[in-house]
Amino acid sequence: MFDRIGDRKYLTSAERIAFRDSVKTESDLARRAFLLTLFHTGCRISEALNLLAGRVDLTGGAITFETLKRRKRGCFRAVPVPDELTSLLRFLIQEKSTNERLWEFSRPTAYRMVKAKMQHAHIDGGMACPKGLRHSHAVACIAVKIPLTTIQKWLGHARIETTAVYLDVLGEEERALAERLW
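Residue indices begin from 1 for each chain and proceed along its sequence in written order. A pLDDT threshold of at least 70 governs which residues receive local features in this predicted model, and a stricter bar of 80 or more applies before side-chain atom pairs are shown or counted, although totals over entire chains, interfaces and linings include all residues. Excluding hydrogens and water, the side-chain figures rest on all heavy atoms present in the structure.

Student: Give a detailed account of the overall build of the protein chain, specifying residues and quantitative values.
Tutor: Elements are defined by DSSP. Helices are runs of H or I of four residues or more, strands are runs of E of two residues or more, and each kind is numbered from the N terminus. Assigned secondary structure in the protein chain consists of nine helices and three strands. Starting at the N terminus and walking to the C terminus, you meet the elements of the protein chain as α-α-α-β-β-β-α-α-α-α-α-α. Compactness check: the protein chain gives a C-alpha radius of gyration of 16 Å against a globular reference of 16 Å for 182 residues, within 12% of the reference. Counting only residues that meet the buried cut, the protein chain has 45% of its 182 residues in that class. Contact definition: two residues touch when any of their heavy atoms are within 4.5 Å. For the protein chain, long-range pairs separated by at least 24 residues make up 59% of all intrachain contacts whose partners lie at least 6 apart in sequence. With an accessible surface of roughly 9800 Å², the protein chain has 52% of that area assigned to carbon and sulfur atoms. Here the globule rule reads 2.2 Å times residues to the power 0.38, and the radius of gyration is calculated from C-alpha atoms. A simple rule labels every residue: compare its accessible area, found with a 1.4 Å probe on the protein chains alone, to the largest value its type can have, and call it buried under 20%, exposed over 50%, or partly exposed in between. Each accessible area is a Shrake-Rupley estimate made with a 1.4 Å probe; only the visible protein chains count as cover when residues are assessed.

This is the structure we're talking about:
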């Protein structure tokens, strides 16, 4: 997962932890929930911004996203989320109707929020953006041996080949994979 000049497109596990810790310092509940949704689900920023209150399953601990990159509408996927995020979302949902969006900020504002938390976590480079969170979520899934087909479903990819690009990892993630072989 490299860009055209050879730079890494995803956060390392240490950078992921630093970002998550930075997000946990966010005092605004809605902002913290939004950032943790990106972090824990690997969803696209537009999918998070379009999330409706009725698509959060508090009992099952999952969020159902509409996959917005497909050519047709109406493609949905459920992604499990940890209890810490479910608890945050519970507070946001109680003030919303089921067909109301959870977050009211614009895409540029959401993008700036991610960038600010990346900066706060001392992460810079091309991976310090919402897409870097998506890429790093996929790489983290691979690192803990989640099946590629499950990652494909969680990310909303139509083709397994799209998901398979996350098998091309670098540094400590690649070394950890190699150590399993050794």
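That covers the picture; the talk isn't over yet.
Student: Tell me about the pattern of salt bridges, and name the residues and values.
Tutor: Think of a salt bridge as a Lys or Arg side-chain nitrogen and an Asp or Glu carboxyl oxygen that are within 4 Å of each other. Scanning all chains against the criterion turns up ten salt bridges. The shortest N-O distance in the salt bridge between Arg44 and Glu47 comes to 2.6 Å. Taken as a pair, Arg44 and Glu47 share a single burial class, namely buried. The closest approach of N and O atoms between Lys96 and Glu104, which form a salt bridge, is 3.0 Å.

Student: Could you give an account of the environment of Asp7, naming the residues involved and the relevant values?
Tutor: Tracing the backbone shows Asp7 in the segment before helix H1 (13-23). In this structure, the C-alpha to C-alpha distance between Asp7 and Arg71, residues 64 residues apart in sequence, is 30 Å. Ignoring anything within four residues of it in the chain, the contact list for Asp7 reads Met1 and Phe2.

Student: Account for the packing of helix H6 (residues 130-143) against helix H7 (residues 148-155), with residues named and values stated.
Tutor: Angles shown run from 0 to 180 degrees and are taken between the N-to-C directions of axes, each axis being a line fitted to C-alpha atoms and, for helices, limited to the stretch in contact. Put simply, H6 and H7 touch, their axes get as near as 10 Å, and they point 155° apart. What the angle tells us is that H6 and H7 run roughly antiparallel. Where H6 crosses over H7, the two elements pack in a sense that is right-handed. Between H6, through Arg134, His137, Ala138, Cys141 and Ile142, and H7, the contact on the second element is made entirely by Leu148, Ile151, Trp154 and Leu155. Here is the rule for angles: anything less than 35 degrees is roughly parallel, anything more than 145 is roughly antiparallel, 65 through 115 is roughly perpendicular, and the remaining ranges are oblique. Left-handed describes a crossing whose near helix is turned anticlockwise from the far helix through less than a right angle; right-handed describes the clockwise counterpart.

Student: Tell me what's going on with the nonpolar core, and back it up with residues and numbers.
Tutor: Side-chain atoms within 4.5 Å are what join buried Ala, Val, Leu, Ile, Met, Phe, Trp, Tyr and Cys residues into a set we call a nonpolar core. Counting 47 residues, the largest nonpolar core has Phe19, Phe34, Leu89, Leu102, Trp103, Met118 and Leu133 as the members making the most contacts within it. For this core, the secondary-structure elements that each account for two or more residues are H1, helix H2 (29-41), helix H3 (45-49), strand E2 (62-66), helix H4 (83-93), helix H5 (107-120), H6 and H7. Counting residues per element, this core draws most heavily on H2, at six residues. Other than its neighbours up to four places away in sequence, Phe19 contacts Leu11, Leu35, Phe39, Val114, Lys117, Met118, Ala121, Ile123 and Leu133.

Student: Quick one: what's the story with H5, residue by residue and with numbers?
Tutor: Residues spaced three or four apart along an α-helix point in a common direction, a consequence of the helix completing one turn every 3.6 residues. An ideal rise of 1.5 Å per residue puts 20 Å on 14 residues; H5 measures up with 20 Å between its terminal C-alpha atoms. Turning to H5, its buried residues number three or more, namely Ala110, Met113, Val114, Lys117 and Met118. Buried residues of H5, viewed axially, fall in a sector of 135°; they line one side. Residues of H5 that are exposed and angled more than 90 degrees away from the buried face: Arg112 and Gln119. Elements that come into contact with the buried residues of H5 comprise H1, H2, H3 and H6. Of the residues flanking the end of H5, it is His122, one or two places downstream, whose phi is positive at about 60°. Multiplying one less than the number of residues by 1.5 Å gives the expected span of a helix. What the arc covers is the set of directions going from the helix axis to the C-beta atoms.

Student: Please give an account of a positive patch on the surface that cites residues and values.
Tutor: There is a patch of like positive charges on the surface, built from Arg4, Lys9, Lys69 and Lys131. In this fold, Lys131 is placed in helix H6. Each patch is built from residues lacking any salt bridge and having more than 30% relative accessible area; the joining distance is 9 Å for like charges and 5 Å for nonpolar side chains (Val, Leu, Ile, Met, Phe, Trp, Tyr). Residues counted as positive are Lys and Arg, residues counted as negative are Asp and Glu, and His and the chain ends are not counted. Here the site of a charge means NZ on Lys, CZ on Arg, CG on Asp, or CD on Glu.

Student: Explain the packing of H1 against H5 to me, using residue names and the numbers behind them.
Tutor: The interhelical angle for the contact between H1 and H5, taken along N-to-C directions, is 110°, at an axis separation of 8 Å. As far as their axial angle goes, H5 and H1 are roughly perpendicular. Relative to H5, H1 is oriented so that their crossing is right-handed. Mapping the contact onto sequence places Phe19, Ser22 and Val23 in H1 and Val114, Lys117, Met118 and His120 in H5.

This is a description of form; function is not addressed.
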